[in-house]
Amino acid sequence: MLTNSFIHIDGVGDIIERRIWAEGAQSWLDFLSAPPKFLSYPMVKQIYKELEKSMQALEEGDIYYFKRTLPTRYHWRLYPEFKDYICFFDIETTGLSAFQSHITTVACYDGKKTTTFVRDENLHDLPDHIKKYKVLSTFNGKMFDVPFVEQEMKIRLGQPNIDLMHVLKGLGYKGGLKACENKLGIGREELKGVDGRVAITLWQCFKETGNRDFLDTMLAYNVEDAVNLQRLLIICHNMRLEQYKTLEIDPIPETPKPECEYKINMDCLHLSIKKIPTYF
DNA sequence: GTAAAGATGCACGGATTGGG
DNA sequence: CCCAATCCGTGCATCTTTAC
């Protein structure tokens, strides 16, 4: 999809881009061999120049070129070309404010393997791990996960962050991660009716009792969230493609769900749900 | 070559939103 | 609970086309 994009070029908006596609140039290479007739000569020249830069940036894996030039609402287009350099991640914390609360666990999924980080154990390895990736993807991470990690770990995550909350909103889906998952048919049976607040009490129980079943239950939940982000992004990407009727690109195939190494313990889960304070 | 009309990009500001 | 990124509509700026 990135190699079909022209919207990152100065002077090209969504209308011009659609017209370029409709009049024969579906991709960068199409454009270079036969630019559409409706564009003025200076415009064609300007696009040639920028496409050269784009191709070089893609070859070098220069994600910051695309972060600069591609408007954020189109960052989902980065996925296919950068799918081997993306990290889907989700954090659990003791509360909403980065000033009064702290991170408890983090789950990262790169499309192949999941990596988890736990406070007081290996959380300090998170910065080196996450900095390796060129693209991040989260749900409401622009507001929550990224600033939280930056504040607490004293690092800066400058990579583009494909925030699925906004991608979904643009497609008409709103109402939180769980609601979106349910509407798209990828909701989770055993976690029905469970929301993020249980992560707080699961952590409290783990710390009070030392029983790792609480931690495992929490990590299972955390990993599931991170892994589902990939499915959501693929679904969103394909829905967007369908909206570009003049563009003939194959949708991304659904990827199989990886096995989770953490087990949900229903007793721990229910005990923690009961402990959620009513004043929330 | 020029000017007006038309097309479209883009800056601005207000409203909406969900994370544990 | 609380913050600020993004969306969306509006109006202005700029480029392109057309006609003479």
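Residues numbered from 1 in each chain as written. Chains lettered and ligands numbered in written order. Predicted model: local features only at pLDDT ≥ 70, side-chain atom pairs only at ≥ 80, totals over all residues. Heavy atoms only, no water.

### Here's the deal with the overall build of chain A
Our working definition: Under the DSSP-based scheme used, a helix requires at least four consecutive residues in state H or I and a strand at least two consecutive residues in state E, with every element numbered from the N terminus. Throughout, exposure labels follow a simple rule: accessible area from a 1.4 Å probe, protein chains only, divided by the maximum for the residue type, with under 20% read as buried, over 50% as exposed, and the rest as partly exposed. For the accessible areas, the method is Shrake-Rupley and the probe is 1.4 Å, while residue cover comes only from the protein chains on display. We score Asp and Glu as negative and Lys and Arg as positive, and we do not count His or the chain ends. Note that the charge is assigned to NZ on lysines, CZ on arginines, CG on aspartates and CD on glutamates.
The helix and strand inventory of chain A stands at 11 helices and 5 strands. Oriented by its inertia axes, the alpha-carbon framework of chain A measures out at about 70 × 35 × 35 Å. Here chain A holds 280 residues, and 50% of them are scored as buried. Of the roughly 14,200 Å² that chain A leaves accessible, carbon and sulfur atoms contribute 52%. Put simply, chain A has 36 plus and 39 minus side-chain charges, and the middle of one group is 5 Å from the middle of the other.

### A few points about the protein's contact with DNA strand C
The condition is simple: Working definition: residue near molecule or strand if any one of its non-hydrogen atoms lies within 4 Å of it. Residues adjacent in sequence count toward polar contacts only when both atoms are side-chain atoms; beyond that, a polar contact is any pair of N or O atoms within 3.5 Å, and within protein one must be able to donate a hydrogen and the other to accept it. When residues are grouped by polarity, Ala, Val, Leu, Ile, Met, Phe, Trp, Tyr, Cys and Pro land in nonpolar, Asp, Glu, Lys and Arg in charged, and all others, Gly among them, in polar.
Taken together, the neighbourhood of DNA strand C is formed by Phe 38, Ser 40, Arg 73, Leu 96, Lys 142, Met 143 and His 166. Per the 4 Å cut-off to the protein, sugar and phosphate atoms form 74% of the nearby atoms of DNA strand C. Residue Lys 142 places a side-chain N or O atom 2.4 Å away from a phosphate oxygen belonging to DNA strand C. Taken together, the residues of the surface near DNA strand C break down into 3 nonpolar, 2 polar and 2 charged.

### Structural notes on the protein's contact with DNA strand B
The full set close to DNA strand B counts 24 residues, and Ile 16, Thr 93, Lys 174, Gly 175 and Leu 177 are the nearest of them. A distance of 2.7 Å is found between a phosphate oxygen of DNA strand B and a backbone nitrogen or oxygen belonging to Leu 177. Those elements that place two or more of their residues in the surface near DNA strand B are α1 (14–22), β1 (86–93), α8 (176–183) and α9 (197–209).

### Some details on the nonpolar core
What counts here: Among buried residues, those of type Ala, Val, Leu, Ile, Met, Phe, Trp, Tyr and Cys that are joined through side-chain atoms within 4.5 Å constitute a nonpolar core. Note that domain bounds follow an automatic or database assignment of domains. Contact between two residues is taken to exist if any of their heavy atoms lie within 4.5 Å; hydrogens are not considered.
Counting residues in hydrophobic clusters, the biggest one holds 72 residues, and the most contacted among them are Phe 6, Phe 31, Ile 47 and Leu 164. Here this core gets 16 residues from one element, more than from any other, and that element is helix α10 (residues 212–243). For this core, the domains that each give at least three residues are domain 1 (2–70) and domain 2 (83–274). Excluding residues within four positions of it along the chain, Phe 6 makes contact with Val 12, Glu 17, Ile 20, Trp 21, Ala 25, Ser 27, Trp 28, Phe 31, Ile 47 and Leu 51.

### Some details on the side chain of Ser 5
Positionally, Ser 5 belongs in the segment before α1. Not counting chain neighbours up to four residues away, the residues in contact with Ser 5 comprise Glu 17, Trp 28 and Arg 77.

### Concerning the pairing of strand β2 (residues 103–109)
Convention followed: If DSSP finds at least two bridges between two strands, the strands pair.
Of all 7 residues in β2, 7 are buried, a share of seventy percent or more. Pairing geometry for β1 and β2, over 6 bridges, is antiparallel. Its bridge partner lying in β2, Glu 92 is registered against Thr 105. Inspection of the sheet shows β2 paired to strand β3 (residues 114–118) by 5 bridges, in the antiparallel sense. Counted as the bridge partner of Ala 107 is Thr 116 from β3.

### Section: the packing of aromatic side chains
Rule in force here: Ring geometry is summarised as follows: Phe, Tyr and Trp rings, the Trp one being its six-membered ring, pair when their centres sit within 6.5 Å, and such pairs are stacked at plane angles under 30 degrees, edge-to-face over 60 and tilted between the two.
A full pass over the atoms with the stated rule returns 10 aromatic pairs. Ring centres of Tyr 65 and Phe 66 lie 4.9 Å apart, and the angle between their planes is 85°; on these two criteria the pair is classed as edge-to-face. Residues Tyr 65 and Phe 66 agree in their burial class; the two are buried. The interplanar angle of 70° and the centroid separation of 6.3 Å between the aromatic rings of Phe 66 and Phe 82 together place this pair among those described as edge-to-face. Pair noted here: Phe 66 is in helix α4 (residues 63–69) and Phe 82 is in the loop between α4 and β1, with a separation of 16 residues, a long-range link.

### A short note on the layout of surface pockets
Our working definition: With a 1 Å grid spanning the protein atoms alone, the term cavity applies to any set of points in which a 1.4 Å probe fits but cannot get out, the term pocket to an open set with protein on both sides within 12 Å along at least five of seven lines, and the term lining residue to any residue with an atom within 4 Å of a point. Grid points are joined across faces, edges and corners, and a volume is the space filled by probe spheres set on the points.
Estimates place the volume of the largest pocket at around 690 Å³. What lines the largest pocket is a set of 24 residues, and nearest its centre among them are Glu 92, Leu 96, Phe 144, Gly 196 and Arg 197. Going through the elements one at a time, β1, α8, α9 and α10 are the ones with two or more residues in the lining of the largest pocket. Per-class residue counts for the lining of the largest pocket are 12 nonpolar, 5 polar and 7 charged.

### Quick notes on α1
Applied cut-off: Directions drawn from the helix axis to the C-beta atoms are what define this arc.
Along α1, the residues classified as buried are Glu 17, Ile 20 and Trp 21. The arc that holds the buried residues of α1, viewed along the axis, is 100°, so those residues lie on one side. Here the buried face of α1 lies against α2 (28–33) and α3 (41–60). Immediately beyond the C-terminal end of α1, within one or two residues, lies Gly 24, with a positive phi of roughly 110°.

That is the geometry; function is a separate question.
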